[in-house]
Amino acid sequence: MSTLLEIKSSVLRQVQVCPSFRRRTEEEPASGNADPSEPTAAAWKPGDGVEFFSQMRLILKKGEGRQGLPCPEVLLCSSSPAPAEPVDPSRGLRALSQEEVDMLYEEALYTVLHRAGTMGPDQVDDEEALLSYLQQVFGTSPEEHAAAVERVKKAKAPTYALKVSVVRAKNLLAKDPNGFSDPYCMLGILPASGAVREPSPHKEQRFSFRKGSKRGGPLPAKCIQVTEVKSSTLNPVWKEHFLFEIEDVGTDQLHLDIWDHDDDVSLVEACRKLNEVIGLKGVSRYFKQIVKSARANGTAGPTEDHTDDFLGCLNIPVREVPVAGEDRWFKLEPRSSASRVQGDCQLVLKLITTQRDTNMSQRGRSGFLSYLLLLSRLLQFEHRAEEPNSSSWRGELSGPAATVLCLHGAQSNLSALQLAVLHWQVSSRHHQTRTLDYGYLLGLLEDLQAHWEEAGSLPQEQEEGLADSFSAFSEFGLQLLRQLRDYFPATNSTAVYRLELLLKCLGKLQLFQPSFEICPFETELNMDIAAALKRGNREWFDKLLNTQSPREQPGPQRLAGLVKLADTIYEDLQSCYGIYASLFHSIIKVDFFTLTFRQLERLVAEEAWVLTEELSPKMTLEVASGLFELYLTLADIQRFWSSIPGRDSRSLALAGIHAPFLPAVKLWLQVLRDQTKWRLQGAVDVDTLEPMDASSKHSSSAATASLCFSHIQELWACLAWPDPAQAQTLGTQLSQDLCEAALFYTELLRKKVDAQPGAAGEAVSEPLCVVLNDVELLRKAAGQALRGLAWPEGAAGLEGTLPRPLLSCTQALDEDLQREARTVTAHLTSKMVGDVRKYVQHVSLSPDSIQNDEAVAPLLKYLDEKLALLNASLVKENLSRVLEALWELLLQAILQALGANRDVSADFYGRFHFTLEALVNFFHAEGQGLPLESLRDGSYKRLEEELRLHQCSTRECIEQYYLDKLKQRSLEHNRFGRLSVRCHYEAAEQRLAVEVLHAADLLPLDANGLSDPFVIVELGPPHLFPLVRSQRTQVKSRTLHPVYDELFYFSVPAEACRRRGACVLFTVMDHDWLSTNDFAGEAALGLGSVGGVARPQVGGSARAGQPVTLHLRRPRAQVRSALRMLEGRPNKEAQEFVKRLRELEKYMEADP
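Residues numbered from 1 in each chain as written. Predicted model: local features only at pLDDT ≥ 70, side-chain atom pairs only at ≥ 80, totals over all residues. Heavy atoms only, no water.

### With respect to the sheet that holds strand 15 (residues 1078-1086)
Logical step 1: Reading across from one edge, 12-11-14-15 is the order of the four strands in this open sheet, with antiparallel pairing throughout. Of all the strands in the sheet, the pair left with one neighbour each is strand 12 (1031-1032) and strand 15.
Logical step 2: Summarising the sheet, strand 14 (residues 1063-1070) and strand 15 pair through eight bridges and their orientation is antiparallel. Paired with Cys1063 across the bridge in strand 15 is Gly1086.
Logical step 3: With respect to the sheet, helix 33 (residues 954-967) is in contact with strand 11 (1013-1020), strand 14 and strand 15, its orientation differing from that of strand 15 by roughly 95 degrees. (Pairing = 2+ DSSP bridges. Helix = DSSP H or I, 4+ residues; strand = E, 2+ residues; numbered from the N terminus. Contact = heavy atoms within 4.5 Å. Axes fitted to C-alpha atoms, helices over the stretch in contact; angles between N-to-C directions.)

See below:
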């Protein structure tokens, strides 16, 4: 293996001559051009590099998670319960005094004891159960509860009233000739006796919520009420509202008639007059009398022509009206079996109380306020039964609670809008004292929005209360958003979902903003949210800074904390983009990511600028390492912004931040160079030059080297230095360091394998195979790493191409490693030279009686065994290298065997020809081995030619000599000059005329830069023209373009000129007077193409035919091989031909 140590690669030679591949580590310490601000790499403590690369791997691992934009599915890694939100009991409704609690208790008991109407299937109809529930809610003792119930029972019963809204009817009968009707409704309360109640003085007012009524004011409410007449329709729409006092909820009925109106008499006036009539019996007679009265007051003609037609009626017992009211279609009924009616009427019915004998009512507390206090009390009681820390309660009330609230809301005549407002007010306040599910609050807001769009307004006092609840909830929500990262962490899917619902709640509040006369928000809510987020970002940053990198600490101590701070900010920005940004933008139109990125990026940039200025004069290796890691994170933050479409990083505060980090990066890269060498040295020291495992064919040190180079490439990609000029300097130096490390590793391998004792008689060395695989793995890894070190070249650089310095470095290293691989390959195959020669000699010494396949079998068996071992030990590329080297070794061995055997039979050469073809098939291996093109190139062609010529007779060899001359082509056009000739055959005289015309561009062979050329003309082969002697032209002195115009005749039969190989050979010589003539070039012209040879010419002159320009050339290898073959033959003809050529050479040397 000592030969390996003597081989120096071209890269190492370049390193020794030019320091581009090697840093000047051996320079004197007092070198004048050294930068005093940068300590030398020798200050770093030597080691095996393991710890350094482990730390480097941690840095790279951080960068791996920062490739591309974050994916929400990756960030949301936890589904645990959301963090508890802050609660404040003081943010709820004010606490009630004991007197107020007692009055509220009385109000609730009064509501239950005087309930009226039909209970729904989901409501509790058990009075005792409801009373018992209220006792639990208010926490009274049985005695107190019994006393309170007794007091309420003694109180005066409430006054009930029935609210009736006549909405519309459909599919009525057509009573008019035009196919329509003019319907109107008459309705009133029918007492249990069947007589209509006498009107009361205070019942003149009629409650109406109609909007856009055609009447100037509300209709007077008496015992009978009448709607407007809707002309020419079968589907009238009235939307009129009436209020009827109920004397007996259990027996009173609502009666409604629908009539077709036939004149213009005011039914309202008729109804008003007849309301004063007393003593009428029977409701049918009473309603008929109204119609007759209208006819009597009219002017339309006889009564019988203007009778109103009956369209249908309804009778609804008041006790059947549901507690919560109902909105329902009722099928119209006939007055008798003879009546024909059809259609339906839509009514909205609700049973309310107008007077209540309770302390709250007597003190002027409205039903709205009573309901608010009662709901708050019930909500607190119901929520108390849930888990103490539960934030998922959605306000599900028990059956008794829902029933009590339904009874009180109906009895207090609260509209759907008022109920929605009350539930929102109470629940939103309760949420601030004990957390509720935001989905429940969002549902309340959606319900409130729906009813607000229908009703559109509230009394001012109630609207102010609603506005206050909105303000309180938005203030609470903004407080949570300020601490967004604490209460809604991006990794917790449950918390993120709560944030989404909270934002939707705040978004709903924005929708109410234009609807309030008293606006709850001084500014746009989304502006308040943006301000809260900014404030929260600053508070979060300041908290991190004070915790991790306090300004009071010295710079070197702050550096590690600032690295952690920058990492935390990057992770937070990922969460902002991947999780929060879409929620804020889609729900409340706030660009949370841009807002947060700009703010945090500016803050961390300020800290980085200040710290780098402080640390620059104190640059140490430890500081450089920390600054390097800090810069990588800052660059990642900058690239994160640039990776988002439409974002430009040039406007960032971090733009240009790389400048103060440059000294630290340079110093860190010097450390990287030395640590890489130490790491490789340590890896080779412990390497046993054995495959790592069954699946790999390289040793452990090669894997370590490959990993080191991969880390360097990844590091450069993370660095991504933005300044092109500085990037070129850094990249060039890093690439040279990498090349130096690669060659350093190959030197270590050579020394390692040379120190290992070789096994005696071992033809295939496993350590050598491992080293060869290591070199190949290193070549690929280093090449890939170098290609990954490309840097931006500005506008002049082509995209996708390597910078020129890096390309040169990559190519030089690849050539050196290829050469190293070939050297190891040669050393590996050199151990097989003796065996190969032995088996080739066995082929040559095999007697003719043995078949060819038997003679070559031992050689093929040996090769098969060794190549099986090599195939198991080498990777594909190295196996190809070994096959190529072994193939060349075999060809040279066969050539040597042929040269050592002279004057043998043709079967000897036939056997070797068989051996050669067998070896071609063996090494090609049906396409799995070497390609046929490479197998049949180079030495193979020479060997094949040798075998072919050895199998030829002497005359065939002579003919081949001349055929080879005819086949030659000048590889370098006009290098040796040109010769113009003209030939033809004169059949009459049976002679060949050869005219040498002129030459041009001959080689200058004399000291004066010219030549003295002459041309020798001869025919060949000699056995075809035994009596013909060669002729020559005159010498033309001192010229490279001689003109001869000389004609020569050769008396030869035409048949001889047609033979195989027949030609005329022109040899141009330079005549020297005092020494031998110099060869200038030669050319051959086949006689078969000369005019008159193949076909006799008729009337041809001596100078017939066109001139032919021949390119002069030198004899090639195949011509000389034929000559050598003849020299080795002992027969007379061969020796005479060789002797004649030698005499011709002497003749050429003589004077002309």
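### Details of the pairing of strand 1 (residues 159-170)
Logical step 1: Buried residues dominate strand 1, accounting for ten of its twelve residues.
Logical step 2: Of the pairings in the sheet, the one linking strand 1 to strand 8 (residues 344-355) comprises eleven bridges and is antiparallel in character. Residue pairing in the sheet places Leu162 in a bridge with Leu351 of strand 8.
Logical step 3: Note: strand 1 against strand 4 (residues 237-246), eight bridges, orientation antiparallel. Within the sheet, the bridge partner assigned to Arg168 lies in strand 4 and is Val237. (Buried < 20%, exposed > 50% of the residue type's maximum accessible area, 1.4 Å probe, protein only.)

### Side note on the pattern of salt bridges
Logical step 1: Per the counting criterion, the structure on display carries 32 salt bridges.
Logical step 2: Between Asp814 and Arg779 there is a salt bridge; the shortest N-O distance is 2.9 Å. Of this pair, Asp814 sits in helix 26 (residues 804-830) while Arg779 is found in helix 25 (residues 766-787), placing the two residues 35 residues apart along the sequence.
Logical step 3: A relative accessible area of 18% places Arg779 in the buried class.
Logical step 4: Between Arg982 and Glu995 there is a salt bridge, and its shortest N-O distance comes to 3.3 Å. In this pair, Arg982 is assigned in strand 9 (residues 978-986) and Glu995 in strand 10 (residues 991-1000), connecting sequence segments 13 residues apart. As far as the burial class goes, Arg982 and Glu995 line up, both buried. (Salt bridge = Lys/Arg side-chain N within 4 Å of Asp/Glu carboxyl O.)

### Details of the side chain of Asp437
Logical step 1: Relative to the assigned elements, Asp437 resides in the loop between helix 13 (416-431) and helix 14 (438-455).
Logical step 2: Only 3.2 Å separates the side chain of Asp437 from the side chain of Arg394, close enough to count as a polar contact.
Logical step 3: Among the polar contacts listed, one links the side chain of Asp437 to the backbone nitrogen of Gly439, at a separation of 2.5 Å.
Logical step 4: Those residues in contact with Asp437 that sit more than four places away from it in its chain are Ser391, Ser392, Trp393, Arg394, Arg498 and Leu501. (Polar contact = N/O pair within 3.5 Å; in protein donor to acceptor, adjacent residues only side chain to side chain.)

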